[in-house]
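Observations on the three-dimensional arrangement
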Amino acid sequence: MKKITTLALTLSLAALLSACGTVVNQLEGEQRLGQRLSVQLPTAWNRFEQDASVPYQVWTQEGLMLDQLRIWAAIEPEQALLQKPAYDGKKEAQLPTFRAGLRPDQWVGLLEAVYATDGSVVSIDKVEPTTWAGARAVRFEFALARQGDDLALRGVGWATEKDQAFFAAVFTAPRLHFYGQLLPQVQALMRTARFVP
Amino acid sequence: MNRSHQPLHRRGFLHAACCHGLGFSGLLGASAWAQGTGTDAPSLGTPPALVGGRFQRPALDSEEGGLWALMDREEARLRRSSQVLRDSRLQAYLYDMVCRLVGDSCADIRVHVVRTPLFNATMAPNGMMQIWTGLLLRVDNEAQLAAVMGHEIAHYLERHSLERLRDMKSRAALGQFMGLFGGVGTLAQLGVLSGAYAFSREHESRADELGMHMLKRAGYRAQEAAQVWANLLGELQIRGGADVGQRSPMMASHPPVATRRDDLLKLAGDDTGERRAEALAQVLAAHRLDWIHDEIRRAQHDESLVLFGRLVRSQPGDAQAWYARGESYRQRARPEDLALAQQDLQQAVATGEAPAVAHRALGLLHQQQNRKPQAIAAFTQYLALSPQAPDSALVRSYLTELEP
């Protein structure tokens, strides 16, 4: 009963938020990311339009508040993985920044910082070497207690470096229901990733 | 993090209704415990009649009753939160501290420890106190924690939230609107709330005074209240600069941090009480390494190095402190940091009590500098101590690459 109530509340929230009007493009077929990475979408995804200064794309299935697939493609050395925040009268906070030649554990560290920098609590559950887009890569799983709304999320990510550029995809969704429901679609999508010449 | 992707903050108004719950935007969430005294010449004056009679629950149809009901609902939600620590030993310890500070009134106060790596404590009008783990990581002893709690409890006993709610009613709609744009401590909220600080300065001053009274009466070393500020100052100055007290939008109407520290020292006088560092360390020990990792993951290494540097200096035999500073240097990775990281990590290992992750960090450091035998030894030790570590598969792959 509790699960049903939680799900009903979450769906209500999703319905409410889906009306909150951010421009969305529906994506289908082949997508080129940063002109270097190609994915073939087994199912349609929604991409949120955002300022060009944001260094990653955000895709979602159920809505931004519920699930997010963030994709960093062709991040260059010394480029930050997060948008520079507005000036707050203080020296800028340190942003996770890619440097060429990092190792897989350091790729994971950068992405941990992306999610933890606002005070959210990230707990890494698994880190393992893998192949992604035909390249030597790392895959990791984590739990995320999101600061701001206390939502308990789960996440999975892939990261690699190719020709001194950084590529990563991280999916997060509520631990209850949505993560397990959407994970197969994310994994299917990641299996299609290829670098293009 | 891109603000446009942050979750809606459905608790913006509730945080305002709490006496505190305010962070320095995105960084050290300094509590409203941290607000200025607003007094030029602090003194205890007449001992406040703050301890004694317990509160009767206000009538539900009263203004105060409505506020309590709102906070009761928030507390019910908090109890279910995955971020709340469920450690009965720690709960009992904190409850005993509250009783030591306020006597019988402790029955009306519940302390919730929230796992968030920022410095913050809040007190709601219904007796719900939140203490964030970033604060617990930063206090040196029980007396410092008691100073924060005493200040929060003083707000509760004097019903400052109710007065503040009345003052903020005209700001509430704006506050709710602003609250939609991010979490605790966003600039938007700071901007709205800073208008209330002129009103709350008197409360902060009063809470400092009453908190100090409780601290002394409970037999804690009162100077430690000022030490909390002295400790925080170094971290705040990393981003805020030397004049952090004057330039911060939130602190603009308040005395600088250093002044606050000095005022508390004057209030403390020559008191000699207990610090109880060991007692607090024991009860926090089971969580401390997790909180250290939470702090490191924020990736604000300049600030973390101030914190961990202080821990290393104050506890030279503390393996976790050496590990924490060494790992922060390793992750910051400036050219000069690698040697410092190695020195600290080796110091951690030399204590004989280093956490397994210290060996991992040392292995990564050696690997980075192409010292293969040392890297192999450190990784092997890590896996021996923590064979089921989350990253064991990755470390084994590193070993395979390193082995001849």
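Scroll up for the structure.
Conventions used here
Residues numbered from 1 in each chain as written. Chains lettered and ligands numbered in written order. Predicted model: local features only at pLDDT ≥ 70, side-chain atom pairs only at ≥ 80, totals over all residues. Helix = DSSP H or I, 4+ residues; strand = E, 2+ residues; numbered from the N terminus. Buried ≥ 20, exposed ≤ 12 C-beta atoms within 10 Å, placed from the backbone. Contact = placed C-beta atoms within 7 Å. Pairing = 2+ DSSP bridges. Axes fitted to C-alpha atoms, helices over the stretch in contact; angles between N-to-C directions. Expected span 1.5 Å × (residues − 1). Core = buried A, V, L, I, M, F, W, Y, C linked by C-beta atoms within 7 Å. Domains from an automatic or database assignment.

**Overview of the overall build of chain B**
- Helices and strands together make up the secondary structure of chain B, namely 17 helices and three strands.
- Expressed as a percentage of the 404 residues in chain B, the buried residues total 52%.
- In chain B, the proportion of contacts linking residues at least 24 apart, taken out of those at least 6 apart, comes to 70%.

**Description of the sheet that holds strand β1 (residues 110-114) of chain B**
Residue and element names in this part refer to chain B.
- Ordered by their spatial adjacency, three strands build an open sheet running β1-β3-β2, and the pairing between neighbours is mixed. Of all the strands in the sheet, just β1 and β2 (121-123) have a single pairing partner and so form its edges. Along the sheet, successive strands turn relative to each other by an average axial angle of 15°, direction set aside.
- Bridge count for β1 against strand β3 (residues 128-132) is five bridges, and the pairing is parallel. Within β3, the residue paired with Val114 across the bridge is Trp132.
- Together, β2 and β3 form the strand contacts of helix α5 (residues 142-157), whose direction differs from that of β2 by roughly 25°.

**Here we look at the pairing of strand β2 (residues 37-48) of chain A**
All names here are of chain A.
- Bridge count for strand β1 (residues 24-33) against β2 is nine bridges, and the pairing is antiparallel. Within the sheet, the bridge partner assigned to Gln31 lies in β2 and is Val39.
- Hairpin connection, β1 to β2: the antiparallel pair is bridged by three residues, and Gly34 has positive phi, about 60°.
- Here β2 runs beside strand β9 (residues 194-195); their pairing, made up of two bridges, is antiparallel. Across the sheet, residue Leu37 finds its bridge partner in β9, namely Phe195.

**Points about helix α12 (residues 301-314) of chain B**
Residues and elements named next belong to chain B.
- For α12, with 14 residues, the first-to-last C-alpha span of 19 Å sits near the 20 Å given by 1.5 Å per residue.
- Among the residues making up α12, those that are buried are His301, Glu303, Ser304, Leu305, Val306, Leu307, Phe308 and Val312.
- On its buried face, α12 is in contact with α4 (133-138), α8 (224-240), α11 (277-297) and α13 (319-332).

**What about the nonpolar core?**
- One finds Ala168 of chain A together with Ala146 and Ile153 of chain B to be the most contacted residues of the largest nonpolar core, which totals 141 residues.
- Counting residues per element, this core draws most heavily on α5 of chain B, at ten residues.
- No fewer than three residues from each of domain 1 (3-268) and domain 2 (299-402) of chain B sit in this core.
- Sequence-distant contacts of Ile153 of chain B, that is, excluding residues within four places in its chain, are made with Val98, Leu101, Val102, Ile109, Met123 and Met214 of chain B.

**Remarks on the environment of His177 of chain A**
All names here are of chain A.
- Checked against the element boundaries, His177 lands in the loop between β8 (165-174) and α3 (178-191).
- For His177, a count of 16 C-beta atoms within 10 Å translates into the label partly exposed.
- Separated by 100 residues in sequence, His177 and Pro77 place their C-alpha atoms 37 Å apart.

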